[in-house]
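A look at the structure
Single-letter residue listing:
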Amino acid sequence: MSRKRQPSRVDLHFGNTKITEGDELEILGITVDKKLTWNKHIRNISSRAGQRLGALRRVASKLDAPGRATVYKAQIRSIMEYASLCWLNASPTVLQLLDRIQKKALRIIGINEDEARSNFNIPSLHHRRQVPAAVALYKMQTGLCPQDLKKLVPPPYTTRRGLLALVCQLRDMLSWNQVQNTLNWQEFCTHCSQSLEQLYQKTL
């Protein structure tokens, strides 16, 4: 798996049998492509959700709005959220396919987005994808997760001592957003030199 235009090729063998390379792999209902774009997977679940949306449309006249909302959440939205932690980094263009399904479902239910969020507990799919991601990150940071996940957390960032620390402090002191195009660069360099010298004296 690689997003490089010319990825490196590695010959893999299982015993004496060479494993052929494929463009995609399906694991537990998730289609993983070789570039990790998740396009194929999201298009698949969008198609499946669209088929069930047609079934909801056929029975909509026999249910009230809460009943139609319950059918949507149980039978359609669950498909579009399965293992979302794996593919939530897909491109917004592809994720819009799922958003369109929900918008069509809201029209069938007979409510708008504000009513869906406040009265029927149907927030945006983007929000529902971000909530479990935030919970997972919190558990990884606090250690309330399996050791395999905890090992994925990078160590705390620490700056080096010496010149790099001085440069970082100077960078934090200066507000580059306030620097104008008419800035006198000679005065600016003098200011930087003086600031570095003051910081250096404080470290002695």
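A quick note: this is a predicted structure, and the numbers were derived from the prediction, not measured. (Residues numbered from 1 in each chain as written. Predicted model: local features only at pLDDT ≥ 70, side-chain atom pairs only at ≥ 80, totals over all residues. Heavy atoms only, no water.)

1. Some points on helix α2 (residues 65-80)
A rise of 1.5 Å per residue sets the reference length of α2, with its 16 residues, at 22 Å; its end C-alpha atoms lie 21 Å apart and thus fit the reference within 8%. The principal kink in α2, of about 40 degrees, is found at Lys73. Of the residues making up α2, those classed as buried are Ala65, Gly67, Arg68, Ala69, Tyr72, Ile76, Arg77, Ile79 and Met80. Against the buried residues of α2 lie α1 (39-59), α3 (84-87), α4 (92-109) and α6 (125-142). (Helix = DSSP H or I, 4+ residues; strand = E, 2+ residues; numbered from the N terminus. Expected span 1.5 Å × (residues − 1). Bend = angle between axes of the 7 residues up to and from the residue. Buried < 20%, exposed > 50% of the residue type's maximum accessible area, 1.4 Å probe, protein only. Contact = heavy atoms within 4.5 Å.)

2. Notes on the confidence of the model for the chain
Low-pLDDT stretches of the model should not have their predicted coordinates read in fine detail. In the predicted model, the chain carries a mean pLDDT of 81, and 74% of its residues have values of at least 70. Predicted confidence is poor over residues 175-181, with pLDDT under 50, and the contacts of this stretch with residues over four places away or in other chains come to two contacts. (pLDDT = per-residue confidence, 0-100.)

3. Focus: the side chain of Arg129
The residue Arg129 is located in helix α6 in this model. No salt bridge is formed by the buried Arg129, whose closest oppositely charged neighbour, Asp99, lies at an N-O distance of 4.5 Å. Excluding residues that lie within four positions of it along the chain, Arg129 makes contacts with Ser84, Trp87, Leu88, Leu95, Leu98 and Asp99. (Lys, Arg positive; Asp, Glu negative; His and termini not counted. Salt bridge = Lys/Arg side-chain N within 4 Å of Asp/Glu carboxyl O.)

4. Digging into the nonpolar core
The tendency in soluble globular proteins is for nonpolar side chains to be buried as a group. Membership of the largest hydrophobic core comes to 31 residues, with the highest contact counts inside it found for Ile42, Tyr72, Ile76, Met80, Ile109 and Ile122. Those elements giving two or more residues to this core turn out to be β4 (30-33), α1, α2 and α4. Sort the elements by how many residues they give to this core and α4 lands first, with nine residues. Among residues more than four places away in sequence, those in contact with Tyr72 are Leu56, Arg77, Met80, Gln102, Ala105, Ile109, Ile122 and Leu125. (Core = buried A, V, L, I, M, F, W, Y, C linked by side-chain atoms within 4.5 Å.)

5. Quick notes on the pattern of salt bridges
Summed over the entire model, instances satisfying the criterion amount to four salt bridges. The residue Lys40 makes a salt bridge to Glu24 at a minimum N-O spacing of 2.8 Å. Of the two residues, Lys40 is situated in helix α1 and Glu24 in strand β3 (residues 24-27); the sequence distance between them amounts to 16 residues. A relative accessible area of 44% means that Glu24 is categorised as partly exposed. Between Arg128 and Glu81 there is a salt bridge; the shortest N-O distance is 2.4 Å.

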